[in-house]
Amino acid sequence: MSTDSNHTNSRRQFLRQAGLTAATAAIAGPAIALPMSASLTQNDDQRKIGFAIVGLGKYATEQMMPAFKESKHAKITALVSGSPGKMQQLAKEYSVDAKSCYSYQNFDSIKDNPAVDVVYVVLPPGMHAEYVVRAAQAGKHVLTEKPMANTVAECQRMIDACRKAGKQLMVAYRAQFEPFNLEAIDRIKKGELGKLRYVTSDHGRQVKPTEDKADEWRVVKKLAGGGSLMDIGIYSLNAARYLTGEEPVE
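Residues numbered from 1 in each chain as written. Predicted model: local features only at pLDDT ≥ 70, side-chain atom pairs only at ≥ 80, totals over all residues. Heavy atoms only, no water.

A. Representation of the overall build of the chain in the model. Counting its regular elements, the chain contains nine helices and six strands. Across the 250 residues in the chain, those meeting the buried criterion constitute 44%. Surface exposure of the chain reaches about 13800 Å², of which carbon and sulfur atoms provide 51%. (Helix = DSSP H or I, 4+ residues; strand = E, 2+ residues; numbered from the N terminus. Buried < 20%, exposed > 50% of the residue type's maximum accessible area, 1.4 Å probe, protein only. Areas by Shrake-Rupley, 256 points an atom, 1.4 Å probe, with all protein chains shown as cover.)

B. Expanded view of a nonpolar patch on the surface. Taken together, the side chains of Val207, Val219 and Val220 define a hydrophobic patch exposed on the protein surface, amounting to about 220 Å² of accessible area. Topologically, valine 207 is positioned in the loop between helix H7 (179-189) and helix H8 (221-224). Valine 207 sits in the partly exposed class, given a relative accessible area of 34%. (Patch = residues over 30% accessible without salt bridge, like charges linked within 9 Å, V, L, I, M, F, W, Y side chains within 5 Å. Salt bridge = Lys/Arg side-chain N within 4 Å of Asp/Glu carboxyl O.)

C. Spatial organisation of the pairing of strand S5 (residues 141-144). The side-chain alternation of S5 yields two buried faces, one formed by His141 and Leu143 and the other by Val142 and Thr144. Handedness of the crossover joining strand S4 (residues 118-121) and S5 through helix H5 (residues 128-137) is recorded here as right-handed. Here S5 pairs with strand S6 (residues 169-171) via three bridges, running parallel. In the sheet register, leucine 143 faces S6, and the bridge partner there is methionine 170. Between the parallel elements S5 and S6, the chain passes through helix H6 (residues 152-165) in a crossover that is right-handed. (Right-handed = clockwise from strand over helix to strand, strands pointing away. Pairing = 2+ DSSP bridges.)

D. Focus on the packing of H5 against H6. Orientation of H5 relative to H6, taken along the N-to-C sense of each, is 5°, at an axis distance of 9 Å. Here H5 is positioned roughly parallel relative to H6, judged by the angle of their axes. Touching His128, Ala129, Val132, Val133 and Ala136 of H5 are Glu154, Arg157, Met158, Ala161, Cys162 and Ala165, all from H6. Residue composition of the contact of H5 with H6, grouped by class: eight nonpolar, one polar and two charged. (Axes fitted to C-alpha atoms, helices over the stretch in contact; angles between N-to-C directions. Parallel < 35°, antiparallel > 145°, perpendicular 65-115°, else oblique. Contact = heavy atoms within 4.5 Å. Nonpolar A, V, L, I, M, F, W, Y, C, P; charged D, E, K, R; others polar.)

E. Here's a closer look at the side chain of serine 71. Within the secondary structure, serine 71 is located in the loop between helix H3 (58-68) and strand S2 (74-80). Look at serine 71 and you get buried, because its relative accessible area is 4%. In terms of polar contacts, serine 71 uses its side chain to reach the backbone amide nitrogen of histidine 73, at 3.2 Å. (Polar contact = N/O pair within 3.5 Å; in protein donor to acceptor, adjacent residues only side chain to side chain.)

F. Region of interest: the environment of cysteine 101. Position of cysteine 101 among the secondary structure elements: in strand S3 (residues 101-102). Considered as a pair, cysteine 101 and isoleucine 53 are 48 residues apart in the sequence and their alpha carbons are 9.7 Å apart. With residues near it in sequence (within four places) discarded, cysteine 101 still touches Leu79, Met87, Ala91 and Val96.

Put into C-alpha cells, the structure is as follows:
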C-alpha cells in the first residue's frame, strides 16, 4: 500500500513528465479514440498546452498544481473556483490572467479563451459529469479526476458530449504510465511470470472529516458516489485491468 507522500510524488512525476501527450495516449482496456485538434498535435516546442483547473481544493492546490511549475509541456492558463480570494492568490502565484479566472456560474464563457486547450476537472465525483459536459460544449479537451462519475448514465453522457464535440476525454489514472508498472505489464505480456491465474490487491486510507475539512465530501453520498470502492479501491481494480489486459465481468 502506498503512503500519502508516495502518492504525492507519483502524481507530480506523472504531470511533470507527461503533459497532455501521455494523458491522451491509449491505455489498457477500452479507450475513447477521438481526433485531436491541430493545437494539440503541433510541436510542443511552439507553446505549452494550456490547462484550466476546475476546483481549487487541497489535492489541486497542494499536490497537482505545483507539478505544473516543473512541466515542460503544460502550464496553468485558467482557474475556476467558488472562492474568489483563494483564486486571486493562486492566479498571482501561477501567473494566470485575471480575465482567465472564472466562477462556476460563468464557466461556460471559457469557450472564448484561446489560452485554454484542456479543462482539468478536480471536483468531487458527483460534480464531474456536469463540468465535463460543459467543458466539451465549450470546445475544450477534458481531463477529469477519478472516479469518472457516480453512475453509468453520467459516464455515458460525458463520453457522448466529448464525442459530439470531437474532443479528447481522459480519466486521471496515472499508475499505468509509471515505469515500474510499465515494466510489470511488459513482463506479463511476454509470459516471463508464467500464466497469470490470480490477482489480489488492497488499498485504503483513513477518512477523518472532523479533522480535515478537505475530506468532508468523501462521506456525502451525493458527492462521493459509491463509497470506498469507487473512491480508493478503483486503483486496485484498474491495476488488475492493466496488468491482465482483461475487463471485470462481475
